[in-house]
Number of protein chains: 2
Amino acid sequence: MAQKPSIPAGTRDFSPVEMAKRNFIFDTIKSVFLKYGYQPIETPAMENLSTLMGKYGEEGDKLLFKILNSGDYTNKIETKSRGLNRSQLNKLLSCDKELVENCIFKIKEIRNRLEGYDVKDIETEFNKNYENDPIFIAFGKFFFYNSNLKYKKVDDFATYIDNLTVNMLKSYVLKSINISSIKKIKEARVISEKGLRYDLTVPFARFVVQHQNEISFPFKRYQIQPVWRADRPQKGRYREFYQCDVDVVGSDSLMNEVELIQIVDDVYKALKINVLVKMNNRKILTGIAEIIGEADKIVDITVAIDKLDKIGLEKVNEELLQKGLPQEAVDKLQPIIQLSGTNDEKIATLKEVLATSETGLKGVEEIQTVLNYLNTLDINTEVELDLTLARGLNYYTGAIFEVKALDVEIGSITGGGRYDDLTGIFGLKDVSGVGISFGADRIYDVMNQLDLYPKESIVSTELLFINFGEKEALYSLKALQTIRKAGIKAELYPDAAKMKKQMNYANKKEIAYVAMAGEDEMNQGKVTLKNMANGEQKLLTIDELIKEIQ
Amino acid sequence: MAQKPSIPAGTRDFSPVEMAKRNFIFDTIKSVFLKYGYQPIETPAMENLSTLMGKYGEEGDKLLFKILNSGDYTNKIETKSRGLNRSQLNKLLSCDKELVENCIFKIKEIRNRLEGYDVKDIETEFNKNYENDPIFIAFGKFFFYNSNLKYKKVDDFATYIDNLTVNMLKSYVLKSINISSIKKIKEARVISEKGLRYDLTVPFARFVVQHQNEISFPFKRYQIQPVWRADRPQKGRYREFYQCDVDVVGSDSLMNEVELIQIVDDVYKALKINVLVKMNNRKILTGIAEIIGEADKIVDITVAIDKLDKIGLEKVNEELLQKGLPQEAVDKLQPIIQLSGTNDEKIATLKEVLATSETGLKGVEEIQTVLNYLNTLDINTEVELDLTLARGLNYYTGAIFEVKALDVEIGSITGGGRYDDLTGIFGLKDVSGVGISFGADRIYDVMNQLDLYPKESIVSTELLFINFGEKEALYSLKALQTIRKAGIKAELYPDAAKMKKQMNYANKKEIAYVAMAGEDEMNQGKVTLKNMANGEQKLLTIDELIKEIQ
């Protein structure tokens, strides 16, 4: 029985026409990135789970696609649980996540370090590195100190370490220090240590830290690659989709913000999509929280303000009170909730309201600087200061951007902002960066809805030679050598099939010209060229044919 | 404690310079494919395991990267093994693979069908579909027939079915019908149903079958995407690497073979790599087996023949006898083992030797036809008939190709052939195809070793504006708008950093020109342009600068 072929839910095949359209988008975006001095990098589809886990929140961790360790992973579970009975194992599975993980990673680290060492060096190595390690202290230092070095070979020692892992975990369980949370994390770790990348930002941060000595900062890079998320598939939401990220790291100049908006302007001008750039600054939001003394309510506030148009001022204020803001704070917020007018008017109001907040004023000043540059540069795209913009609040530290398509009802098609410590999680502190991400799939949807592809972007073959038989095919192949050299995409129908079938093929593939070379044409050293759009036929030399098509 | 960032073994990051080099290779290959009328497609990184498994042999199955089902998979294991004790479970794990899989898939199918049904419809549905199902008959039909419908809701029924799965498996184990093979397959299936693609051929076959109604045949497609293999990483062998495949399906014309060799010729001419194309034909190998009456020895024969240069005729013959060929067969093989001379001479010999094999003669004729076309077309690349070429013997049915780089010691850098029933496994019979795959990583290695990249292919930014402060930056940004419109890749250093730092940046990024606009230049509406190669400086208008750089 043959399998009915299908692909996993939330993934897609791309046909030639779809590819041509998508490539038009990617090529346009790339060429703008390059024009501004950004360079491409690529990172592997698989990253270590230690790189990915804990970077996207608890929800994000669940949406990671994890890859099974190759080989006999069930044996590994066996090894790790050796010596534990079921109830102990269950206890272990519900114990404190971090400590257990630390145990496992520590053991791995030790084993890695041991490769290439003689047994006699091991104790020295250990004393040097692990003497004061809190993990081992916590487990009563029964590691090296309570055991005798009876093993002769590193392999024996490896076995010893494996046993030790189990013993460490066992002792941990038996001591019952634990209570909390996350089940099965240990097993998940053991059978899977790699995951598919979830976005391009974390791999980029990892890249920058890992290659910091090869990179010259400020590092301007772009990256266009697919990412994977185990989200429930829906219309317009895929489990595999492309991101197009462009970032500068290692410079806190506002020139970078200006440049990114120039890039947005250039890209959408080239794609002929009318857009509005919304801009905010995290520092302004912090300032607002400062002046009303409610730092933790910033999300509630922006969510409420965002509803002003829909539900009116009164209801917004009600909602704020409901969320626990004191009346005094709501009063202070009034000028901000009702903020309107031009960017300049908004900035003037903000300066008054935030007069007592140094951070807030800094944010206003940053926005003003960027807007001033953009005004002088005659950017086509409208840039609007929008205080409700708060995407990824915990993540961004300065500018926040979002781009909306004006002629289509769709969410944001580009977004980003400044982050001051992206690489910190990987050990490289104080590297500021700013970047934006173009949503290729949404742009594709917008382009399709508005039918914005230039015709030439989806042309494949321009000319088809009809195949009349062996001798004619050879004549055509020779002609094709010259024609292709002139840069024309051309092909010979491979079989001497019926004329109708060959013409059908040309029509389906939307080939603009068909060339026929039979006995007559061959004798004259010419071909008959048919324009498929108007049916016109001409008898031409190959050089004339090339001119006609070009 | 910050994590030390790293990437999984066998995977790679690509730096901007590496990307530029790789893109040069990809772009060159793509432009040739397009010139010949091939169109791009892309398929998802993840395919269903049912698409991938069993297509690459037992070894290949092991090298698939499997993706953990999202959600709480450990619970699923739990459910499936409920009611089995350890020894029963072990027995189960070593039992007949197919039957167990069938059980599981069948249950899934039932559950899917049940969604949306009322309980009262279920029995009807079941009777209609599963009455005569061999699986259920084999398990004594204790499914619906031996049980009472006590459940009130579909959820209860689902639980019932889960229990049933276990019971079915249990009964199966207890009956001990099994003996054989493959351990742990059941668990692997339950926790993973998707894998990363292993090559581009199987996904392509799946694509053709799945989209057969949208495709106009002959379908000429190319596909350039990464593939993943859980091979042991080694120098030059990666776990993630790119393949560049080009295939025609739906035509058995030898024109396609000719065209693919033209493509090889064009690609390597453009990349400036000197290559030799080796060609063989599966039908010739079949013919040889026919005339000596040893069909199953074909691999042994080609392996032995391949050693002729190294070990000499006598040893080759010894080896053949050792492999179990009768003396008579070895005698008959002599003209083939010692086959030499030009392609024409080889063909003449083969025609004599294979005179009694229809298939063999067909193969010789095919090769001759392709070579005749190539001769008339004045192909640069030498094409050599090589009987030792037997790659993927079970897979190819006609032509077999392999391309070797002449100036570097490296394996084959391109290979392929004709297959007559690739799509058959997915239910579409009698679709012949022929294709080749360019090994991007090996080509990259060859290009690096011979330093074949044209200089302009690795240029990123062409011009850097030095940043002297806010006013100058604005002046530069305006100039940059004009410069970029002229197609020059140019950037402004984002910070007003020290001159030396900015110059260092230009040097490291290998930027050819640096522009400086201070008070003087601004007053004159000009910039000072420094050529970084020779240190020459010129005071120029923006238009002059553009001309200078272009």
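Cut-offs and rules
Residues numbered from 1 in each chain as written. Chains lettered and ligands numbered in written order. Predicted model: local features only at pLDDT ≥ 70, side-chain atom pairs only at ≥ 80, totals over all residues. Heavy atoms only, no water. Helix = DSSP H or I, 4+ residues; strand = E, 2+ residues; numbered from the N terminus. Buried < 20%, exposed > 50% of the residue type's maximum accessible area, 1.4 Å probe, protein only. Contact = heavy atoms within 4.5 Å. Areas by Shrake-Rupley, 256 points an atom, 1.4 Å probe, with all protein chains shown as cover. Pairing = 2+ DSSP bridges. Axes fitted to C-alpha atoms, helices over the stretch in contact; angles between N-to-C directions. Least-squares fit on C-alpha atoms with pLDDT ≥ 70 in both. Buried area = accessible area lost by both parts, 1.4 Å probe. Salt bridge = Lys/Arg side-chain N within 4 Å of Asp/Glu carboxyl O. Lys, Arg positive; Asp, Glu negative; His and termini not counted. Polar contact = N/O pair within 3.5 Å; in protein donor to acceptor, adjacent residues only side chain to side chain. Core = buried A, V, L, I, M, F, W, Y, C linked by side-chain atoms within 4.5 Å. Parallel < 35°, antiparallel > 145°, perpendicular 65-115°, else oblique. Left-handed = near helix turned anticlockwise from the far one by under 90°. Nonpolar A, V, L, I, M, F, W, Y, C, P; charged D, E, K, R; others polar. pLDDT = per-residue confidence, 0-100. Phe/Tyr/Trp six-rings, centres within 6.5 Å; stacked < 30°, edge-to-face > 60°.

(A) Spotlight on the overall build of chain A. Across its full length, chain A carries 23 helices and 16 strands. Split into buried and exposed, the 550 residues of chain A put 56% on the buried side. The long-range fraction of contacts in chain A, counting pairs at least 24 apart against all pairs at least 6 apart in sequence, stands at 69%. Just so you have it, chain A exposes about 24,700 Å², and 47% of that area is on carbon and sulfur atoms.

(B) A look at the pairing of strand 5 (residues 219–228) of chain A. All names here are of chain A. The buried fraction of strand 5 amounts to 10 of the 10 residues, a majority that puts the element mostly inside the structure. Taken together, the 2 bridges between strand 1 (residues 39–40) and strand 5 define a ladder with parallel strand orientation. Pairing of Gln39 across the sheet is with Arg221, part of strand 5. Two elements, strand 5 and strand 6 (residues 240–249), share 10 bridges in a ladder whose sense is antiparallel. From the neighbouring strand, Arg221 faces strand 6, where its bridge partner is Asp247.

(C) Seen up close, the sheet that holds strand 1 of chain A. Residue and element names in this part refer to chain A. The sheet built from 8 strands is open, its strands ordered 1-5-6-11-10-9-7-8 with mixed pairing. Edge positions in the sheet fall to strand 1 and strand 8 (382–385), since each has one partner strand and no second. On the sheet, helix 11 (residues 201–210) packs against strand 5, strand 6 and strand 10 (414–419) and is oriented at approximately 135° with respect to strand 5. Against the sheet, helix 13 (residues 282–292) contacts strand 7 (275–281) and strand 9 (399–405), and its axis sits at roughly 50° relative to strand 7.

(D) Representation of the relation of the copies chain B and chain A. The two copies are related by a screw motion: chain B maps onto chain A through a turn of 180° and a shift of 0.0 Å along the axis, at an RMSD of 0.1 Å. The superposition of one copy onto the other is thereby described by a two-fold rotation axis. Residue Ile67 of chain B of chain B places its C-alpha closer to the rotation axis than any other residue of that unit, at 2.2 Å. The share of interface residues of chain B whose copies in chain A are also at the interface is 100%, consistent with both copies meeting through the same surface.

(E) Geometry of the interface of chain B and chain A. Residue-level contacts link 100 residues of chain B with 100 residues of chain A. Overall, the association of chain B and chain A removes approximately 8,800 Å² of surface from exposure, summing both partners, and the carbon and sulfur fraction of that is 58%. Linking chain B with chain A are 6 salt bridges. We note a salt bridge from Arg206 of chain A to Asp13 of chain B, for which the minimum N-O separation is 2.6 Å.

(F) Main features of the side chain of Asp245 of chain B. Residue and element names in this part refer to chain B. Along the chain, Asp245 turns up in strand 6 (residues 240–249). Despite its burial, Asp245 pairs with no opposite charge, the nearest such side chain being Arg221 at 4.4 Å. Within the structure, the side chain of Asp245 is placed 2.6 Å from the side chain of Ser437, a separation counted as a polar contact. Discounting residues that sit within four places of it in the chain, Asp245 has contacts with Phe33, Leu200, Thr201, Arg221, Tyr222, Gln223, Ile436 and Ser437.

(G) Fine view of the nonpolar core. Counting residues in each nonpolar core, the largest one holds 100 residues, and the members touching the most others are Leu463, Ile483 and Leu545 of chain A together with Tyr268, Ile273, Phe438 and Ile443 of chain B. By residue number, the principal contributor to this core is helix 12 (residues 255–271) of chain B, which donates 9 residues. Core analysis: the next-biggest nonpolar cluster, separate from the first, contains 98 residues, Leu260, Leu350, Tyr373 and Met447 of chain A among them.

(H) Structural detail: the pattern of salt bridges. On inspection of all chains with the given rule, the structure shows 42 salt bridges over all chains. Linking Glu402 of chain B and Lys404 of chain B is a salt bridge whose minimum nitrogen-to-oxygen distance equals 3.6 Å. Glu402 of chain B sits in the buried class, given a relative accessible area of 12%. In this structure, Lys509 of chain B and Glu491 of chain B form a salt bridge, with 2.8 Å as the shortest nitrogen-oxygen distance. Of the two residues, Lys509 of chain B is situated in the loop between helix 21 (499–508) and strand 14 (513–516) and Glu491 of chain B in strand 13 (residues 490–492); the sequence distance between them amounts to 18 residues. Pair check on accessibility: Lys509 of chain B and Glu491 of chain B agree, each one buried. Bridged by salt links that share partners, the residues Lys220 and Glu259 of chain A together with Arg484, Glu491 and Lys509 of chain B form one connected network.

(I) Representation of the sheet that holds strand 5 (residues 219–228) of chain B in the model. All names here are of chain B. Taken together, the 8 strands give an open sheet; going across it, the order is 1-5-6-11-10-9-7-8, and neighbouring strands pair in mixed fashion. Strands with a single pairing partner mark the edges of an open sheet, and in this sheet they are strand 1 (39–40) and strand 8 (382–385). Strand direction decides the pairing type here: strand 9 (residues 399–405) and strand 10 (residues 414–419), joined by 4 bridges, are antiparallel. By the bridge assignment for strand 10, Glu402 is matched with Gly415. Along the sheet, helix 18 (residues 358–376) contacts strand 7 (275–281) and strand 8; its crossing angle with strand 7, the most-contacted strand, is approximately 150°.

(J) Broad picture of the packing of helix 13 of chain A against helix 18 (residues 358–376) of chain A. Residues and elements named next belong to chain A. Contact geometry of helix 13 with helix 18 gives a least axis separation of 7 Å together with a crossing angle of 150°. Considering their axes alone, helix 13 and helix 18 lie roughly antiparallel with respect to each other. For the pair helix 13 and helix 18, the crossing hand works out as left-handed. Side by side, helix 13 and helix 18 meet where Lys283, Ile284, Thr286, Gly287 and Glu290 of the first sit next to Glu358, Thr359, Gly360, Lys362, Gly363, Val364, Glu366 and Ile367 of the second. Residue classes in the contact of helix 13 with helix 18 are distributed as 3 nonpolar, 5 polar and 5 charged.

(K) Spatial organisation of the confidence of the model for chain A. Residues and elements named next belong to chain A. Per-residue confidence for chain A gives a mean pLDDT of 81; residues scoring 70 or more make up 77%. Here residues 113–123 is modelled with pLDDT under 50, and outside its nearest four sequence neighbours on either side it reaches 17 contacts, counting other chains as well. Within the model, the stretch residues 169–189 combines pLDDT values under 50 with 58 contacts to residues more than four positions away or in other chains. For this predicted complex, the interface score ipTM comes out at 0.78, alongside a pTM of 0.79.

(L) Representation of the packing of aromatic side chains in the model. Residue and element names in this part refer to chain A. Under the defined criterion, the tally for this structure stands at 18 aromatic pairs over all chains. Between the aromatic rings of Phe26 and Tyr242, the centroid separation amounts to 5.1 Å while the plane-to-plane angle is 50°, which identifies the pairing as tilted. With Phe26 in helix 1 (residues 16–35) and Tyr242 in strand 6, the pair connects residues that are 216 residues apart, well separated along the chain. Just as Phe26 is buried, Tyr242 falls in that class too. Seen in terms of ring centroids, Phe33 and Phe438 are 5.7 Å apart; in terms of plane orientation they differ by 55°. Their pairing is tilted.

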